[in-house]
Structures are given as C-alpha cells and as structure tokens.
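Geometric and topological summary
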Amino acid sequence: VLRGNAADSLFLLGRWEEARSMSMTALEWLPTGINFLNALVSLATVEIELSAGESAGRLLGQTLLELEAVRDAQQAVPLNLASASFALWRGDLADARRAADRGWTLVRETEDWILAARTAAAVIEVEAAGAAEAREGRDLAGLAAARERAKEVLRSAEVIVKKHGVAPTLGSRRLADAWLATARAHRRRVDGRDDATAWAAVGDAWAAQRIPYETARARWRQAEAMLGSGAGRAARADARGPLLDAVRIALDLGALPLLRELRELAGRALITLPTEVDERLAGPEDRPRSLVGVMSGTTGGGPPDGEGDRSELVDALRLTGTAEATPRRDTFGLSGREREVLVQIARGRTNREIGERLFISQKTVGVHVGNILAKLGVSGRVEAAAVAIRLGLTDQR
C-alpha cells in the first residue's frame, strides 16, 4: 500500500523511473484486492505517459479486468483518466470520451474534490479534441455538444471545490485550483478562443508546485496557442521559448508521446529542436518496455500512426488507379515547405485550413500553391494531389 501511494507522489514530482520501480517492487509482494490494484494503477499511469505503446495498452487492459473484481471508485477514477490519456495519445477520441465520462460519473459520487478538479480537466481536454474534430468536419451539432459538455462539467467542478471551503493558501487547494485553471484553459480551446496567456498562467501554477509534467503540457498548449494566433513569424519567435521548455521537460521525463506531439508542432512551425529529440524518438527507448513480473516478454514498436488523415480525394484517386504508378524520387524542385503544402492539398484541405495547420497566412499558402502547380506542370489541385500520391508524399507522417 505504501509503495503504491509513494509511486503516485513520485509520478507527480517527475521521478518516473522511481515511480515505475516502486510499483514493480510493490507487485513483487503478490498483493491482492485493492492493494494489488493500487500499485497496478500507478504502474499503468506511468507506462502510458512513458510510451502509450502496446505493452502499456496490455497493462491497462489487465488493470481494467482487476478493477472489475475489486470495484473501488477511488482507484477507478484515476484508471479511467489513464485510459482517456492512452486513447488520446493514440487518436481514439470515442474511447477517450467514454473513459473520461466514466471517471466524471464516478468522481461525483465521492468526496474527493481534488480528484474532481483533475477529472474535469481531463473531460474538457477530451471535449477540446472533439471540438477540433467537429470544426474540421464542419459538424455544428458535435461542436455545440462539446461546448455544452465542457461548460456543464467546469461549472460542476467549480461548485464541488468551492463547497469544501478549503482556504486558497493551502497546498491541497492550490492543487485543485491548478486543475481548474487547466480545465478553464481547455474550455477556451473548446470555444475556439485558445489563449496563450491563460496557458502561460497555468504553466506557472504547475511550475510553482514543482509538478513538471503538467508544466510541460501547459507550455505545449501555450506554444500551440501562440502559433495559432495568426501572428506569423512573430508568433513563431514567441512560441519557441515555451516549446523548448516543454521539450526539455519531456526529454528529462522520457515522456515520448508528448515529445512526439512537440516535434510535430515544431515541424509545422519550422522551429528547430535539439537533435536529441529525433535520437530519443528513433532509438530503442521508443519501444515499450518489458514489464517483468507483471506481464511476460512484451516487446514491439511504439503506437501505430493513425490512418485517418487521408481525404476522400486521395481515396478516389487510388480507386481510379491514379495512385498505382511506382513512387518516384523526383520532387520536381519543390522546397520542403512546398512539399508540406502539397501533402495538405492531397488531403483535401483548403488554403485556410492549410494555413492554420502550418501556421502561415492564406496569402502565403496561395503563393506556395501557385509555385507547386507551376513546378509540377499541372492545372489544378486534383492533378497536384495525383502527383503527390505518385511521389509517395501522402504516406508521410
């Protein structure tokens, strides 16, 4: 029991390898019931944030089975939050929403107001991802549902924390307030009003409590909000600091799923990251680690990349046989940025959507599109997409 509880604290403090070792040692005692589940939930949490890979998924599944036998709400809520995080890292929004909603339903039946604030932040983060998906798909009903859900959950969490009457100066209240601030910042994302200033304040709050992972996640969102502000080159300059801060923490922790997101964001913004990032993500540590004593001999690669980013345009071109030609190495003199724009064209995105994704203005996108058409010798976007498929650019991640 003590080792399982200590692992939770070590995770918050950013001492993940110690947390992992502590949980593993606790499980060597062959505990049963709630004592077993306590250590197993701690281990599942750290494995998900370390890799979100296949072994983490199997461990999560085993823990969910144990939970069915024990049925303890205090352990069920953190496990559902871990499940939601795992699903988000792997791009499974529906599963993330189910897990987060289960956690929220359970936490409202307890007296744990700190956990309620944390769960609210997780639920609204999932709704922010859903809102982004709804906007891209022009799903107005889905967007309205995400907004209403985020509003209701945040209001309820604020009431739960306030009614316990704990002074704002106490450490437990500061922790709950940091989670609520995180929830509010995510709610702005749901509403399409992402605010770098709000995320900066959230990051400062987590840093003041010396909780590095949440600090890094807030800096990630801060940089993302800056880059999405439409300020162009100035935004990239401003975002570089928080982005590199998040990268540094992610490297220290070994938080590979977060590091992947940071690298992807930096790539779209043309921000150079330390070479250690690519080395870490390409090296052996990018593979899930064997969980000796819990599961036997699990190995394999990291989480599979999503397949859902191809548009109907790409699928149609494949069906008509346009994509069957052997991929060519010739890039027709396209620059790196022009190739990135071409990939987005092949995915059916408009100039506005391409600009938002690559953090450049629509005018700049238009210039790139004109250059691409001229260099490829094609008359329009559909022909350009066909060439992109022949070059194999639509298979890039």
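The structure under discussion appears in the preceding block.
Predicted model only: the values in this text are computed from it and were never measured.

1. Here's the deal with unusual backbone geometry
- For leucine 270, which is not glycine, the phi dihedral falls at a positive 60°.
- Position of leucine 270 among the secondary structure elements: in the loop between α13 (256-269) and α14 (275-282).
- Leucine 270 sits in the exposed class, given a relative accessible area of 53%.
- At phenylalanine 359, a residue that is not glycine, the phi angle is positive and equals roughly 60°.

2. Quick notes on the nonpolar core
- In terms of nonpolar packing, the biggest core is built from 102 residues, with Trp16, Trp104, Tyr213, Leu243, Leu258, Leu259 and Leu262 touching the most fellow members.
- A per-element tally of this core places helix α7 (residues 113-136) first, with 13 residues.
- Ignoring any residue separated from it by four or fewer positions in sequence, one finds tryptophan 16 in contact with Leu10, Phe11, Val46, Glu49, Leu50, Tyr213, Leu253 and Ala255.
- Listed in part, the 19 residues of the second largest apolar core include Ala346, Ala385, Val387 and Ala388.

3. Thoughts on the packing of aromatic side chains
- Evaluated as defined, the whole model comprises 5 aromatic pairs.
- Here phenylalanine 11 and tryptophan 16 contribute two aromatic rings whose centre-to-centre distance is 4.9 Å and whose plane-to-plane angle is 5°, an arrangement assigned as stacked.
- The class of phenylalanine 11 is buried, set by a relative accessible area of 15%.
- Between tryptophan 89 and tryptophan 220, the ring centres sit 6.1 Å apart and the planes meet at 20°, which makes this aromatic pair stacked. Separated by 131 residues along the polypeptide, tryptophan 89 in helix α5 (residues 73-89) and tryptophan 220 in helix α11 (residues 212-227) bring together distant segments of the chain. Neither residue differs from the other here; tryptophan 89 and tryptophan 220 are each classed as buried.
- Taken together, the ring pairs in this structure connect Phe11, Trp16 and Tyr213 into an aromatic cluster.
- In this arrangement the basic side chain of arginine 221 is found over the ring face of tryptophan 220, its NZ or CZ atom lying 3.9 Å from the centre.

Rules used throughout
- Residues numbered from 1 in each chain as written.
- Predicted model: local features only at pLDDT ≥ 70, side-chain atom pairs only at ≥ 80, totals over all residues.
- Heavy atoms only, no water.
- Helix = DSSP H or I, 4+ residues; strand = E, 2+ residues; numbered from the N terminus.
- Buried < 20%, exposed > 50% of the residue type's maximum accessible area, 1.4 Å probe, protein only.
- Core = buried A, V, L, I, M, F, W, Y, C linked by side-chain atoms within 4.5 Å.
- Contact = heavy atoms within 4.5 Å.
- Phe/Tyr/Trp six-rings, centres within 6.5 Å; stacked < 30°, edge-to-face > 60°.
- Lys NZ or Arg CZ within 6 Å of the ring centre and 35° of its normal.

Function-wise, these values are silent; they only describe arrangement.
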